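Analysis of the macromolecular model
Spelled out, the chains give:
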Amino acid sequence: MLTILPTTTADERAKVKAHLKEIYDAYRSASMNCTYYERQLKKTHCIAKAFEIGLAVLNSSAVAAWVIWKEGFGTTLWKILSGFAVVVAIIHPILKISVEIERLTKQRTGYNDLFHDLRVVVRDIQIAQSISTQDWKRFKEIDANIKKLAEKDDLSPSKKELRKIMKEVLHEIPTDSLWYPKNASAQKENDNAARQ
Amino acid sequence: MPQDNDRFHPRESDHSPPPPLPSREDRHIIERREESSHEKLEKSLPPTNQAPDPWPQPWDSDSDE
């Protein structure tokens, strides 16, 4: 176990911090990705619904029978809408929206599971105020799953969207709530502040 | 079902000997080239959903560190 004692050297502290950085980065990135895929999934569901509703309306004989399509501008508009319906019907299977929804659902579930697994590791570190070799081993196992999930990630996610989610994650998981090995003097100050 | 026409038939006049196998040194060079092209491919792979900016660390505000 990498226990931090008053005699712990700066080098040892740096080593612990390097390990913690990897865990904390993965923990917060998992949370960010979970939210990202949740939102992408919602957007894609909306697009799929719009496609289905549009096609159903334009293919409906009841709508086609409306008088407005038979007079003046309505005739031209109906022709445009009919053409649009044909294009949508052609591109709909090409877009493979259902396949995309399936991928997004898997990514969302995968990152959600990772986040919960990492939360347990972070909580254990917090409670023990140290990082054990067991914690690190657990993290490495989780890390292998992160790499598997990353293979099916979006190729060019919106950085603007990710930055927005990063802010939300930092609000939910404040940086100062994460444990790290303070040097002896800083630890003493903290202990004194806690006692007062 | 593959057609017989799909197969590669050397022309009757093409009786030139096959090119010599690369020497041991050449093979090392080829292997090194293959390795470097593999490294390049890995580097050129699109980024995954990682945080666009580095995450802040709890010790970032430490003045002693």
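Residues numbered from 1 in each chain as written. Chains lettered and ligands numbered in written order. Predicted model: local features only at pLDDT ≥ 70, side-chain atom pairs only at ≥ 80, totals over all residues.

A few words now on the overall build of chain A. Secondary structure summary: chain A contains 7 helices and 0 strands in total. Starting at the N terminus, the α and β elements of chain A follow one another as α-α-α-α-α-α-α. Looking at chain A as a whole, 21% of its 196 residues qualify as buried. In chain A, once contacts between residues fewer than 6 apart in sequence are set aside, the share between residues at least 24 apart is 87%. (Helix = DSSP H or I, 4+ residues; strand = E, 2+ residues; numbered from the N terminus. Buried ≥ 20, exposed ≤ 12 C-beta atoms within 10 Å, placed from the backbone. Contact = placed C-beta atoms within 7 Å.)

Let's shift gears to the interface of chain B and chain A. If you look at the interface, chain B gives 13 residues, while chain A gives 25 residues. Broken down by class, the residue content of the side of chain B that touches chain A amounts to 7 nonpolar, 4 polar and 2 charged. (Nonpolar A, V, L, I, M, F, W, Y, C, P; charged D, E, K, R; others polar.)

Following the sequence through the fold, Phe115 of chain A ends up in helix H4 (residues 97-128). Setting aside chain neighbours within four positions, we find Phe115 of chain A in contact with Ala30, Ser31 and Cys34 of chain A.

Another aspect to go through is the confidence of the model for chain A. Per-residue pLDDT for chain A has a mean of 86; in total, 89% of the residues score no lower than 70. Within chain A, the lowest mean pLDDT, 59, falls on helix H7 (residues 184-195) of chain A, and the highest, 96, falls on helix H6 (residues 159-172) of chain A. (pLDDT = per-residue confidence, 0-100.)

Here we take up the nonpolar core. Residues and elements named next belong to chain A. In terms of nonpolar packing, the biggest core is built from 31 residues, with Ile23, Tyr27, Ala30, Tyr111, Leu114 and Leu118 touching the most fellow members. Elements supplying a minimum of two residues to this core: helix H1 (10-58), H4, helix H5 (133-150) and H6. In terms of residues, this core owes the most to one element, H1, which gives 10 residues. Beyond its immediate stretch of four places on either side in the chain, Leu114 contacts Ala30, Ile142, Asn145 and Ile146. (Core = buried A, V, L, I, M, F, W, Y, C linked by C-beta atoms within 7 Å.)

Right, let's talk about unusual backbone geometry for a bit. Unlike most non-glycine residues, Gln129 of chain A shows phi in positive territory, near 50 degrees. The residue Gln129 of chain A is located in the loop between H4 and H5 in this model.

Once that is clear, we can look at H4 of chain A. Residues and elements named next belong to chain A. Given a rise of 1.5 Å per residue, 32 residues ought to cover 46 Å, and the 46 Å separating the end C-alpha atoms of H4 matches this to within 8%. Restricting attention to buried positions, one finds in H4 the residues Leu104, Gln107, Gly110, Tyr111, Leu114, Phe115, Leu118, Val121, Val122 and Ile125. The inward-facing, buried residues of H4 abut H1 and H5. Where H4 terminates, the next one or two residues include Gln129, which has phi positive at roughly 50 degrees. (Expected span 1.5 Å × (residues − 1).)

Now for H6 of chain A. Working note: α-helix, 3.6 residues per turn, so residues spaced by three or four point in the same direction. With 14 residues, H6 of chain A extends 20 Å from end C-alpha to end C-alpha; this agrees with the ideal 20 Å at 1.5 Å per step. Elements that come into contact with the buried residues of H6 of chain A comprise H1 of chain A.

Right, let's get into the packing of H1 of chain A against helix H3 (residues 73-95) of chain A. Residues and elements named next belong to chain A. For the pair H1 and H3, the least separation of the axes is 10 Å and the interaxial angle reads 135 degrees. Comparing the axis directions of H1 and H3 gives the class oblique. Crossing geometry of H1 relative to H3 is assigned as left-handed. Residues Phe51, Gly54, Leu55 and Leu58 of H1 form the contact with H3, whose participating residues are Leu81, Ser82, Ala85, Val88, Ala89 and His92. Tallied by class, the residues present in the contact of H1 with H3 amount to 7 nonpolar, 3 polar and no charged. (Axes fitted to C-alpha atoms, helices over the stretch in contact; angles between N-to-C directions. Parallel < 35°, antiparallel > 145°, perpendicular 65-115°, else oblique. Left-handed = near helix turned anticlockwise from the far one by under 90°.)

With that settled, the discussion passes to the environment of Ala89 of chain A. Mapped onto the elements, Ala89 of chain A comes out in helix H3. As for Ala89 of chain A and Leu55 of chain A, which are separated by 34 residues in sequence, their C-alpha atoms are 7.3 Å apart.

All names here are of chain A. Contact geometry for H1 and H4: axes closest at 8 Å, N-to-C directions at 155 degrees. One element, H1, and the other, H4, form an angle in the roughly antiparallel class. Both H1 and H4 take part in a crossing whose hand is left-handed. Here the residues of the contact of H1 with H4 are counted per class, giving 19 nonpolar, 8 polar and 4 charged.

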